[in-house]
Amino acid sequence: MIEVCIYGRGGQGGVTLAELVAHAAISEGKHAQSMPSFGPERRGAPVLAFLRVDEKERIKIRSEITEPDVLVVLDASLLSVGDVVARLKKGGVAVVNTRKKPEDLDIDARAVATVDATGIAREVLGVPITNTAMAGALVKATDIVSLKSLEEPMRERFGRLAAKNVEAMRRAYDETQVLKREA
């Protein structure tokens, strides 16, 4: 089972990102669940979402993920908040929305992936909502689902805006830089 924590700010679409990937995983015949973790936060406040994907077994766990295999950070300023990076499982993968290169981040991980999802979202969508761009980065860094399987959930979720969201996802996939380290 792959466990993912998605850190973002209210309005960036972290909860939606978890839902989209879960739907894509299910469409591929995998088992998946997504859950948000937030209180009465407002736009801009830190938000956490959880995602689990298992290729073979039904997922029976319903608790918070405390040691994820994958950390997705929609806002790089959250890297310095609390225990965001410290939660990552030893040998995990970090996927970060930043203009920095993976080697410029001080993250102890088996792989670090970076992409300027904010820039892509602004150019393609006209707004700095980074979730669909980060979906492309997550797929590039982990192969958790295929890009193709994310298209249908995006069409269902975004309707007439789906084509632009798919474009943002594909562009981020192409632009994501991944630094893999020895295990």
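What counts, and where the lines are drawn
- Along each chain, residue indices are assigned from 1 in the same order as the chain's sequence is written.
- Thresholds applied to this predicted model are a pLDDT of at least 70 for local features of residues and 80 or more for the giving and counting of side-chain atom pairs; totals over whole chains, interfaces and linings are not thresholded and use all residues.
- Neither water nor hydrogens contribute to the side-chain values; these are computed over all heavy atoms in the structure.
- Numbering of helices and strands starts at the N terminus; helices are DSSP runs of H or I of at least 4 residues and strands are runs of E of at least 2.
- Radius of gyration here uses only the C-alpha atoms, and the compact-globule reference equals 2.2 Å multiplied by the residue count raised to the power 0.38.
- Think of it in three bands: residues with accessible area under 20% of the maximum for their type are buried, residues over 50% are exposed, and the middle band is partly exposed, with areas taken using a 1.4 Å probe on protein chains only.
- Whether two residues are in contact is decided by their heavy atoms, any of which lying within 4.5 Å being enough.
- Only the protein chains shown count as cover for residues, with accessible areas throughout obtained via the Shrake-Rupley method and a probe of 1.4 Å.
- As used throughout, the charge tally considers Lys and Arg to be positive and Asp and Glu to be negative, leaving His and the chain termini uncounted.
- One atom stands in for each charge, and that atom is NZ of Lys, CZ of Arg, CG of Asp or CD of Glu.
- We call a set of buried residues a nonpolar core when its members are Ala, Val, Leu, Ile, Met, Phe, Trp, Tyr or Cys and they connect through side-chain atoms within 4.5 Å of each other.
- Aromatic contacts are taken between Phe, Tyr and Trp rings whose centres are within 6.5 Å, Trp giving its six-membered ring; a plane angle under 30 degrees counts as stacked, one over 60 as edge-to-face, and the others as tilted.
- Counted as over-ring charges are cases with an Arg CZ or a Lys NZ within 6 Å of the ring centre that also lie within 35 degrees of the ring normal.
- Between the first and last residue of a helix there are one fewer steps than residues, each counted as 1.5 Å, and that sum is the expected span.
- Whether two strands pair comes down to DSSP finding at least two bridges between them.
- Here an axis means a line fitted to C-alpha atoms, over the contact stretch when the element is a helix, while the angle between two N-to-C directions is reported on a 0 to 180 degree scale.

Undergrad: Please explain the overall build of the chain as it appears in this structure.
TA: Along its length, the chain carries five helices and seven strands. Reading the chain from its N terminus to its C terminus gives the helix and strand order β-α-β-β-β-β-β-α-α-α-α-β. Relative to the globule expectation of 16 Å for 183 residues, the C-alpha radius of gyration of the chain, 15 Å, shows essentially globular dimensions. Its C-alpha atoms give the chain principal-axis dimensions of about 40 × 35 × 35 Å. Per-residue burial for the chain yields a buried fraction of 50% across its 183 residues. Here the analysis covers contacts within the chain between residues at least 6 apart in sequence; of these, 60% occur between residues at least 24 apart. On the chain, roughly 9,200 Å² of surface is accessible, and the fraction owed to carbon and sulfur atoms is 47%. Charge-centre separation for the chain: the mean point of 27 positive side chains lies 3 Å from the mean point of 26 negative side chains.

Undergrad: How should the nonpolar core be read in this particular structure?
TA: One finds Val72, Val95, Met134 and Leu150 to be the most contacted residues of the largest nonpolar core, which totals 39 residues. In this structure, Val72 is in contact with Val4, Cys5, Ile6, Tyr7, Leu17, Val95, Met134 and Leu138, ignoring residues within four places of it in sequence. Met35, Leu48, Leu105 and Ala109 belong to the second largest nonpolar core, which has 17 residues in total.

Undergrad: Would you mind showing me how to read the packing of aromatic side chains here?
TA: The geometry of an aromatic ring pair is captured by two quantities: the separation of the ring centres and the angle between the planes. Overall, the coordinates contain zero aromatic pairs when judged by the stated rule. A cation over a ring is seen here: Lys140 above Tyr173, with NZ or CZ 5.2 Å from the ring centre.

Undergrad: Help me understand the side chain of Glu151 in this model?
TA: Within the secondary structure, Glu151 sits in helix H4 (residues 147–158). If we skip the residues at most four places from it in the chain, Glu151 touches Val166, Met169 and Arg170.

Undergrad: Looking at this structure, how should I read helix H3 (residues 131–142)?
TA: Three- or four-residue spacings in an α-helix give side chains the same orientation, since the helix completes a turn every 3.6 residues. Counted at 1.5 Å a residue, the expected span for H3 with its twelve residues is 16 Å, and the 16 Å between its end C-alpha atoms agrees. H3 sits mainly inside the fold: ten of its twelve residues count as buried. For H3, the full list of buried residues reads Asn131, Thr132, Ala133, Met134, Ala135, Gly136, Ala137, Leu138, Val139 and Ala141. Phi turns positive one or two residues past the end of H3, at Asp143, with a value near 60 degrees.

Undergrad: Could you clarify how one ought to interpret the sheet that holds strand E6 (residues 111–115) in this entry?
TA: Paired through their backbone hydrogen bonds, the strands of a sheet run either parallel or antiparallel. The strand order E2-E3-E1-E4-E5-E6-E7 describes an open sheet built from seven strands, whose pairing is mixed. Of all the strands in the sheet, the pair left with one neighbour each is strand E2 (31–37) and strand E7 (177–180). In this sheet, neighbouring strand axes are inclined to one another by 15 degrees on average, regardless of whether the strands run parallel or antiparallel. Pairing between E6 and E7: four bridges, direction antiparallel.

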